Amino acid sequence: MGVRANSRPGTRQSFTGLRRALAVGALGVLGAVTAFAAASGPADAAASTLGAAAAQSGRYFGTAIASGKLGDSNYTTIANREFNMVTAENEMKIDATEPNRGQFNFSAGDRVYNWAVQNGKRVRGHTLAWHQQQPGWMQSLSGSSLRQAMIDHINGVMSHYKGKIAYWDVVNEAYADSGGGRRDSNLQRTGNDWIEVAFRTARNADPAAKLCYNDYNIDNWTWAKTQGVYNMVKDFKSRGVPIDCVGLQSHFNSQSAYNSNYRTTISSFAALGVDVAITELDIQGGSAQTYANVTNDCLAVPRCVGITVWGVRDSDSWLGANTSPLLFDSNGNKKAAYTSVLNALNNAGPGPSNSPSATPTVTPTTTPTSGGGSGAIRGVASGRCVDVPNASQSDGTQVQLWDCNGQSNQTWSSSSSGEIRVYGNKCLDAAGTGNGAAIQIYSCWGGDNQKWRVNSDGTITGVQSGLCLDAVGQGTGNGTKLQLYSCHGGSNQKWTFSS
C-alpha cells in the first residue's frame, strides 16, 4: 500500500482498495473455608515486553496482524512475544468475509483469530459497517436493500465469532473530514439512523462483545470532527443506544499531528461512560517522545483500555517502511520509540481491569495466593454448588447451580496461574467479556478468559473482564446458569470454596 497525500491540513483523506484495517495477601478466605488461588498481581521487576507491561495496569498492547505474514518467523516471533491483543488487518472486513451476498468466507479471518487464541491473545474485530472495502455486490445496492444487507452482514459475521471477540469496531469512519457532520456514503444515504441500527443489531447478535465506533482524526479535541463524534456518542448514551467504546485510530503525521489535548479527548469520551481504545496507532517519523506521550495519555485515563499499533515492523506498515512509523524497524529491531513506550508502561501504577464494564464497578482488593485448592464452589445465596450439567466434558457446556453431591463434575481445583479446573483438563471459561457472557467449561489453553481472581469478600472476578461470577437473575434453584456481570455485592455473586 503506497502512501497517499493528505487532502488538507489536519485531515486524512479516505482511500479505497486494500488498506490499513481498523482499527492481574495472605490467603483470601471465603467465609470460613479455603480460598482459591488468585491471579498474580504486578511483578516487582519491570516487564520486558509491551503486552506484559501493559497488563500490569490492566490494559492491553496489541498489533494488527496480516494472515499472509503468519509464515514469516521474524514477524510472528515479535508479534507473539510483544503483544496480547490482535486485530485482523483486513481479514474481517466486509469484502473478505462476504465476497458474495449471503456467502460468507471466514478462512483468512479464522487464520488470524486462531493464531491469536492459540498464542494466548485476545482479538478485536474489525470492521462490520464501513463505506470502504465493500464487495461489488454491496456497492451496487442502495436504500432498503443496502440497509438489509448491512444488517445481514453484521448478523452473519458476529454469529460466526459469537462469544470470541473482545471488542468489535461496529461502525468505521462515518464522519466527514471537516464540518463535524456525517460522511456522505451509500450507508448514510440509507437514512441517518443507520449507525444506531448497526449498533442495535450488533448487540442482539453478540451481547457479550464490547461495541465500538472507530475513526481517524478524532484525536484533537478542538476539531469539528472530534466534536461531531463526541455528540453522537453522547446522544447514543442518553437514549440507550448500545455503544461501549470509542476507537481513536491515531494515525499521526505532519498534517494530523499529536496535540497535547489528546488526553482531554480521551478523558472526555470516557466521561460519557464508554471505554476508549487507541486502535491503529502509528507515528510517521517514529518519534520516541510522541510515542511516550500517547502512551502516558492513555495511562492517565482509567477507561483507556489499551493501545494497538497498526503493524509489527516498519516494513509491515500501510504507510511504507520509509516513513518509520512503528516500534520495530524493518529487520525487527527495537527502536527508541519501543523503549519509550515500554518505560512508560512499566512506570504506570495499577489501573483498570482489562475490559471495564459499561458502568464503573468496584473490584475487591486481592492478594496473590499460592494455589492448590480443590473442592466444591458453593453459592452463598443458594447453598448450591457450581455444577457441570450431566457430568458433561464437552467444550462449551454452560455451568449451573445444583444440589451439592461431591461428584467429579462439582470438584474444582485452582492453580497459581488463576485457572479453575474440573476433570483435570477443563477450565472455567468466560464466553465473552460483557454482562451476560456465559460461564462454561472449555479445554484449558491459558487465555485470560480462563483466569480468575478470588477475592476476600467472596466474589470471583474474571481477569479478562473484571466482572463477577454471577448466578443469573439472582437465581438460587437447581439449573440456574452462571454468567459474568458487573460486581454489585449481591449474595448471588458470593462464593465459598470447601475442600
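What you see is a predicted model, and the numbers here were worked out from it, not measured in a lab. (Residues numbered from 1 in each chain as written. Predicted model: local features only at pLDDT ≥ 70, side-chain atom pairs only at ≥ 80, totals over all residues. Heavy atoms only, no water.)

The subject of this paragraph is the layout of surface pockets. When its volume is computed, the second largest pocket comes out at roughly 600 Å³. Every residue lining the second largest pocket is counted, 29 residues in all, and those nearest its centre are Tyr113, Gly163, Lys164, Ala431 and Asn449. Taken together, the elements giving at least two residues each to the lining of the second largest pocket come down to helix H4 (107-118), strand S3 (122-130), strand S15 (426-430) and strand S16 (439-443). Looking at which element gives the most residues to the lining of the second largest pocket, the answer is S16, with three residues. Two domains each provide a minimum of three residues to the lining of the second largest pocket, namely domain 1 (50-347) and domain 2 (374-498). (1 Å grid on protein atoms, 1.4 Å probe; cavity = no way out; pocket = protein on both sides within 12 Å on 5 of 7 lines; lining within 4 Å. Points joined across faces, edges and corners; volume = space filled by probe spheres on them. Helix = DSSP H or I, 4+ residues; strand = E, 2+ residues; numbered from the N terminus. Domains from an automatic or database assignment.)

So, on to the state of the cysteines. According to the stated counting rule, one finds five disulfides in the structure shown. A disulfide bridge connects cysteine 212 with cysteine 245, and the sulfur atoms are separated by 1.7 Å. The S-S bond linking cysteine 212 to cysteine 245 shows a torsion near -75°; that makes this disulfide left-handed. One end of the pair, cysteine 212, is in strand S5 (residues 210-215); the other, cysteine 245, is in strand S6 (residues 245-248), with 33 residues separating them in the sequence. On the basis of relative accessibility, which here comes to 0%, the residue cysteine 212 falls in the buried class. Owing to a relative accessible area of 1%, cysteine 245 belongs among the buried residues under this scheme. Disulfide connectivity for the protein chain, with bonded cysteines indexed by sequence position, reads 1-2, 3-4, 5-6, 7-8, 9-10. (Disulfide = S-S within 2.5 Å. Buried < 20%, exposed > 50% of the residue type's maximum accessible area, 1.4 Å probe, protein only.)

Our next topic: the UniProt feature "active site" (unreviewed entry) in the protein chain. The UniProt record marks Glu280 with the feature "active site" (unreviewed entry), using the residue numbering of this structure. Position of glutamate 280 among the secondary structure elements: in strand S8 (residues 275-283). (UniProt positions renumbered as here; feature names shortened; annotations may be inferred.)

Here we take up helix H10 (residues 288-299). Between its first and last C-alpha atoms H10 spans 16 Å; for twelve residues at 1.5 Å apiece the expected length is 16 Å, and the two agree. Here H10 has its buried residues at Thr290, Tyr291, Ala292, Val294, Thr295, Asp297, Cys298 and Leu299. On the buried face of H10, the contacting elements are strand S7 (251-252), helix H9 (262-271), S8, strand S9 (304-309) and helix H11 (336-347). (Expected span 1.5 Å × (residues − 1). Contact = heavy atoms within 4.5 Å.)

This brings us to the nonpolar core. Nonpolar side chains in soluble globular proteins tend to be buried together. The biggest cluster of nonpolar side chains holds 91 residues, and the ones touching the most others in it are Phe61, Trp168, Val171, Phe199 and Leu327. A total of seven residues in this core trace back to one element, the largest contributor, which is helix H6 (residues 143-160). Non-local contacts of leucine 327, meaning those with residues more than four positions away in its chain, are made with Leu50, Phe61, Tyr291, Val309, Asn333, Lys334, Lys335, Ala337, Tyr338 and Val341. By size, the runner-up hydrophobic cluster in this structure holds 24 residues, among which are Ile439, Trp452, Val454 and Ile460. (Core = buried A, V, L, I, M, F, W, Y, C linked by side-chain atoms within 4.5 Å.)

Right, let's talk about the environment of serine 392 for a bit. Structurally, serine 392 can be placed in the loop between strand S11 (385-387) and strand S12 (400-402). The exposure class of serine 392 is buried, given its relative accessible area of 16%. C-alpha of serine 392 to C-alpha of asparagine 409: the two residues are 17 residues apart in sequence and 7.8 Å apart in space. Residues in contact with serine 392, not counting those within four places in the same chain, are Thr397, Tyr423 and Ile441. A polar atom in the side chain of serine 392 sits 3.0 Å from the side chain of threonine 397. (Polar contact = N/O pair within 3.5 Å; in protein donor to acceptor, adjacent residues only side chain to side chain.)

Of note, arginine 124 is situated in strand S3. Taking relative accessible area as the criterion, arginine 124 reaches 0% and is therefore assigned buried. Polar contacts involving the side chain of arginine 124 include one to the side chain of aspartate 169, which spans 2.9 Å.

Another point: the packing of H10 against H11. The geometry of H10 relative to H11 is characterised by a closest axis approach of 8 Å and an angle of 25° between their N-to-C directions. Overall, the two elements H10 and H11 adopt an arrangement that is roughly parallel. With respect to the hand of their crossing, H10 and H11 are arranged in right-handed fashion. In this structure, H10 contributes Ala288, Tyr291, Ala292, Thr295, Asn296 and Leu299 to the contact, and H11 contributes Ala336, Ala337, Ser340, Val341, Ala344 and Leu345. Here the residues of the contact of H10 with H11 are counted per class, giving nine nonpolar, three polar and no charged. (Axes fitted to C-alpha atoms, helices over the stretch in contact; angles between N-to-C directions. Parallel < 35°, antiparallel > 145°, perpendicular 65-115°, else oblique. Left-handed = near helix turned anticlockwise from the far one by under 90°. Nonpolar A, V, L, I, M, F, W, Y, C, P; charged D, E, K, R; others polar.)

Before going further, it helps to examine unusual backbone geometry. The peptide bond linking histidine 126 to threonine 127 adopts the cis configuration, its omega dihedral lying at -5°. Along the polypeptide, threonine 127 turns up in strand S3. In this model, glutamine 133 sits at a positive phi of 50°, which is unusual for a non-glycine residue. By the secondary structure assignment, glutamine 133 is in the loop between S3 and helix H5 (136-139). A positive phi angle is found at asparagine 390, which is not glycine, with a value near 55°. Note on placement: asparagine 390 falls in the loop between S11 and S12.

With that out of the way, let us pick up the pattern of salt bridges. In total, this model carries 20 salt bridges according to the counting rule given. Ionic pairing is found between lysine 225 and aspartate 215, a salt bridge with its closest N-O pair at 3.2 Å. Here lysine 225, found in helix H8 (residues 224-239), pairs with aspartate 215, found in strand S5; they are ten residues apart in sequence, far enough to count as distant. When its relative accessible area of 2% is taken as the criterion, lysine 225 is described as buried. (Salt bridge = Lys/Arg side-chain N within 4 Å of Asp/Glu carboxyl O.)

The next point concerns the packing of H9 against H10. In contact at an axis separation of 9 Å, H9 and H10 are set at 25° when each is read in the N-to-C sense. By the angle between their axes, H9 is roughly parallel relative to H10. In the crossing of H9 with H10, the sense of the turn from one axis to the other is right-handed. Facing H9, whose interface residues are Tyr262, Arg263 and Ile266, H10 presents Val294, Asn296, Asp297 and Cys298. Residues of the contact of H9 with H10, tallied by class, amount to four nonpolar, one polar and two charged.

Of all six residues in S9, six are buried, a share of seventy percent or more. Sheet analysis places strand S1 (residues 60-65) next to S9, joined by four bridges and oriented parallel. Its bridge partner lying in S9, threonine 63 is registered against valine 309. Regarding topology, H10 serves as the crossover connection from S8 to the parallel S9, and that connection is right-handed. (Pairing = 2+ DSSP bridges. Right-handed = clockwise from strand over helix to strand, strands pointing away.)

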